[in-house]
Amino acid sequence: MKNESVAKILYEIADILEAQDVQWKPAAYRKAAMAIESLSEEVEDIYRGGGKKALLKIPGIGENISKKVEEMITTGGLGYYARLKKELPIDFGTLTAIPGLGPKKLKKLFNALGVRTLEELKEAAERGKIAGLEGFGEKSEQEILKGIALLEKTRGRALLGAILPDALAIVEKLKESKAVGRIGIAGSLRRMKETVGDIDILATSGEPGRVMGLFVSLPEVEAVFAKGMTKSSVHLKNGLDCDLRVVEEDSFGSALQYFTGSKDHNIALRKIAIKMGYKLSEYGIFKGEEKIAGRTEEEVYGRLGLPYIEPELRENTGEIEAAQEGRLPALIELEEVRGDLHVHTNWSDGSEPVEEVVLAARERGYEWVCISDHSQSLRIAHGLDERDLERQFDEIERVKGGITGIEVLRGIECDIRKDGSLDLMDETLERCDIVIGAVHSHFNLPMREMTERMMRAMENPNLDIIGHPTGRLLGEREAYELDWERLFDAAEDNGIAFEINAFPSRLDLDGAHIKAALAHGLQFAIGTDAHTKDQMDFMELGVATARRGWAEGKDVLNTLGAEDVRRRFSP
DNA sequence: GCCGTTTTCGGCCCGACTGTTTTCAGTCG
């Protein structure tokens, strides 16, 4: 059973128990579900490797839940869940996604009207059966109908690269108002998560009413969920929800800290505050009635005895302990990036000729750029064969002659065939500065075969980098499974780097992969995989991913000069 | 149900918004 399915059942158990007014257990089940959901490894594999004992090592999973997870993995079902579901056969997973409906209200609807599914809820609301119930009214019935309509449209999380510009545009529009003081993005967007579920904006204002009025009437807004003096929530036309909060000037730092999260990071901070005899909230740090911090985030962290922690690290995955011990990494900065390792031109499936791509790289302040088009197997992308590549090398030489101030590296995104061999002759690959090997076919191989396919490719002395290693794309789960430990070992043996692929529709390596690889002493190369000049701007996303994996400048090859990159990859 | 430099028992983050409840429960983040 996959992590997602295990987590879904645990979430549903939490909802059922909460509907039954059970104390504390719902929170415990939810915490366990979140822990399993965010594992970078399959819980099945963890169990196969170390049994129930290994499950107990996952924080939030104790004696009871580990037994239940064990049952799910070994039998594919869970008796406890089946019994609960019999008592309360409600589709909590779907229905709690409707704003305003939680476990308790859904139980009321079930008891009064027998509502179990989205369809039954819709029918009950359309027939006006809900308005008369205790605890509901005309308004809530309408809200439910609106919620269902929104749910039926596309919902869910969106890619960072797709949302960041929209969020910045809203912030810019609000900034134009004189009523707005300080303003900034918070939430998972500020932490630069690969995907974001909503947009959180935080501002200060002497006239919150005016700011809220402006916010809910922005043209981007499709529906308004709530409008108050300190908080308003809307649904945007791009499909995401957006919250705006207005706070006092002297609470901006603590509010920014609080609403940036993550939730787990904040809970850990609050526990530290409690131990020190303080109370931490979005309004500041309080010692009794007295407020002792809150104006800036630095002040908040400082009062808790911590250095400032970068938003990308705030996941409670060891950053607080590292901060306490003074061993936070000096995260790589966008300014340190000296070149893009992976761009396409119109020689394969890119839009522009070599010359324009090189000029675009120079405009971005890079010292070098590596041209890396597809190899011949990728027919739909007009992949290059040996002769094409030689001709492209000539073209690169010609372009280099006419453009100063930037170095051009000769690269190739070479297909890794099903058997692990590379798609071009060794003599040709030897003439490249950088060979990026990538999988573009036979995605459904079993984990072992796929891993060994890549390991075989790594043994070719010409291969330098594994490109977009996970194959994950938007809307799909991991396209194929890999045995990371074996892969890391092979990369170490052969001096191979992994690519952090910043192409906007790709959900490639995440922070956990990167941390694990760094622990093996491996290096990364950020490639935008740009197919148009504009897409080279997504370097920022690649850097954010590296930062979320705790990478420093030395861990990322893009911080090297052109000659050092060449030397790093010459056999 | 989980967890432990307060603890193997007794805690578990905290506050705003909404609707309908005339004093607050449920939901949300």
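Residues numbered from 1 in each chain as written. Chains lettered and ligands numbered in written order. Predicted model: local features only at pLDDT ≥ 70, side-chain atom pairs only at ≥ 80, totals over all residues. Heavy atoms only, no water.

Observations concerning the overall build of chain A
When helices and strands are counted, chain A shows 24 helices and 17 strands. Against the globule reference of 25 Å for 571 residues, chain A gives a C-alpha radius of gyration of 26 Å, in line with a compact fold. In terms of its C-alpha atoms, chain A occupies a principal-axis envelope of roughly 80 × 60 × 50 Å. Looking at chain A as a whole, 54% of its 571 residues are labelled buried. Across chain A, every contact between residues at least 6 apart in sequence was considered, and the portion connecting residues at least 24 apart equals 67%. Entry remark: accessible area of chain A is about 25500 Å², with carbon and sulfur atoms responsible for 50%. Between the centroid of the 77 positive side chains of chain A and the centroid of its 101 negative side chains there is a distance of 7 Å. (Helix = DSSP H or I, 4+ residues; strand = E, 2+ residues; numbered from the N terminus. Rg over C-alpha atoms; globule rule 2.2 N^0.38 Å. Buried < 20%, exposed > 50% of the residue type's maximum accessible area, 1.4 Å probe, protein only. Contact = heavy atoms within 4.5 Å. Areas by Shrake-Rupley, 256 points an atom, 1.4 Å probe, with all protein chains shown as cover. Lys, Arg positive; Asp, Glu negative; His and termini not counted. Charge placed at Lys NZ, Arg CZ, Asp CG, Glu CD.)

Observations concerning the sheet that holds strand β11 (residues 339-343)
Spatial ordering of the open sheet is given by β11-β12-β13-β14-β15-β16-β17, a layout of seven strands whose pairing is parallel. Strands with a single pairing partner mark the edges of an open sheet, and in this sheet they are β11 and β17 (524-527). Note: strand β15 (residues 465-466) against strand β16 (residues 497-501), two bridges, orientation parallel. The residue bridging Ile466 from the neighbouring strand is Phe498, located in β16. Strands β12 (368-374), β13 (407-415), β14 (434-438), β15 and β16 of the sheet are contacted by helix α24 (residues 562-569), whose axis makes an angle of about 35° with β13. (Pairing = 2+ DSSP bridges. Axes fitted to C-alpha atoms, helices over the stretch in contact; angles between N-to-C directions.)

Focus on a negative patch on the surface
A surface patch of negative charge is lined by Glu41, Glu485, Asp489, Glu492 and Asp493. Structurally, Glu485 is set in helix α21 (residues 484-494). (Patch = residues over 30% accessible without salt bridge, like charges linked within 9 Å, V, L, I, M, F, W, Y side chains within 5 Å. Salt bridge = Lys/Arg side-chain N within 4 Å of Asp/Glu carboxyl O.)

Quick notes on the pairing of strand β5 (residues 221-227)
Bridge analysis of β5 against strand β6 (residues 231-236) gives five bridges, and the strand direction is antiparallel. Bridging from a neighbouring strand, Ala223 pairs with His235 of β6. The loop that links β5 with its antiparallel partner β6 comprises three residues.

Focus: the domain arrangement of chain A
Assigned domains of chain A: these are domain 1 (1-88), domain 2 (96-153), domain 3 (158-247), domain 4 (267-324) and domain 5 (334-569). A straight line from the C-alpha centre of domain 2 to that of domain 4 covers 40 Å. (Domains from an automatic or database assignment.)

Brief notes about the protein's contact with DNA strand B
Surveying the vicinity of DNA strand B reveals 40 residues, the closest of which are Trp24, Gly137, Thr230, Lys263 and Arg270. Ile65 is positioned with one of its backbone polar atoms (N or O) 3.1 Å from a phosphate oxygen of DNA strand B. Contact between DNA strand B and Tyr283: a phosphate oxygen at 2.9 Å from a side-chain N or O atom of the residue. Every element with two or more residues in the surface near DNA strand B is listed here: α2 (25-37), α4 (63-75), α7 (103-113), α9 (138-152), β5, β7 (241-247) and α14 (263-275). Classifying every residue of the surface near DNA strand B gives 16 nonpolar, nine polar and 15 charged. (Near = heavy atom within 4 Å. Polar contact = N/O pair within 3.5 Å; in protein donor to acceptor, adjacent residues only side chain to side chain. Nonpolar A, V, L, I, M, F, W, Y, C, P; charged D, E, K, R; others polar.)

Side note on the nonpolar core
Ranked by internal contacts, the top residues of the largest apolar core, which has 60 residues, are Val358, Met458 and Phe498. Those residues in contact with Val358 that sit more than four places away from it in its chain are Val369, Ile371, Val399, Ile403, Ile406 and Val408. (Core = buried A, V, L, I, M, F, W, Y, C linked by side-chain atoms within 4.5 Å.)

A word on the pairing of β6
For β6, the tally of buried residues reaches five of six residues, placing the bulk of the element in the interior. Relative to β7, β6 runs antiparallel, the two being bridged by five bridges. Its bridge partner being in β7, Val234 is matched across the sheet by Cys242. Hairpin connection, β6 to β7: the antiparallel pair is bridged by four residues, and Gly239 has positive phi, about 100°.

Some details on the packing of α2 against α4
Contact pair α2 / α4: the axes reach a minimum separation of 11 Å and the direction vectors enclose 55°. When the axis of α2 is compared with that of α4, the two are oblique. For the pair α2 and α4, the crossing hand works out as right-handed. Here Ala28, Tyr29, Ala32 and Ile36 of α2 come into contact with α4, specifically with Ile65, Lys68 and Val69. The residue inventory of the contact of α2 with α4, partitioned by class, reads six nonpolar, no polar and one charged. (Parallel < 35°, antiparallel > 145°, perpendicular 65-115°, else oblique. Left-handed = near helix turned anticlockwise from the far one by under 90°.)

Some remarks on unusual backbone geometry
Geometrically, the link from Gly261 to Ser262 is a cis peptide bond, its omega value of 0° lying close to zero. Position of Ser262 relative to the elements: it lies in the loop between α13 (252-260) and α14.

Quick word on the confidence of the model for chain A
Averaged over chain A, the pLDDT score is 89; the fraction of residues at 70 or greater is 96%. This stretch, residues 474-478, has a pLDDT under 50; its non-local contacts, to residues over four places away or in other chains, come to 11 contacts. (pLDDT = per-residue confidence, 0-100.)

Comments concerning the sheet that holds strand β9 (residues 284-287)
Spatially, three strands are ordered β8-β9-β10 in an open sheet, and the strand pairing comes out antiparallel. For this open sheet the edge positions go to β8 (279-281) and β10 (290-293), each flanked by a neighbour on one side alone. Sheet twist, expressed as the average angle between the axes of neighbouring strands with direction ignored, equals 35°. Pairing of β8 with β9, which is carried by three bridges, proceeds in the antiparallel orientation. Note that in β9 the partner of Ser281 across the bridge is Gly284.

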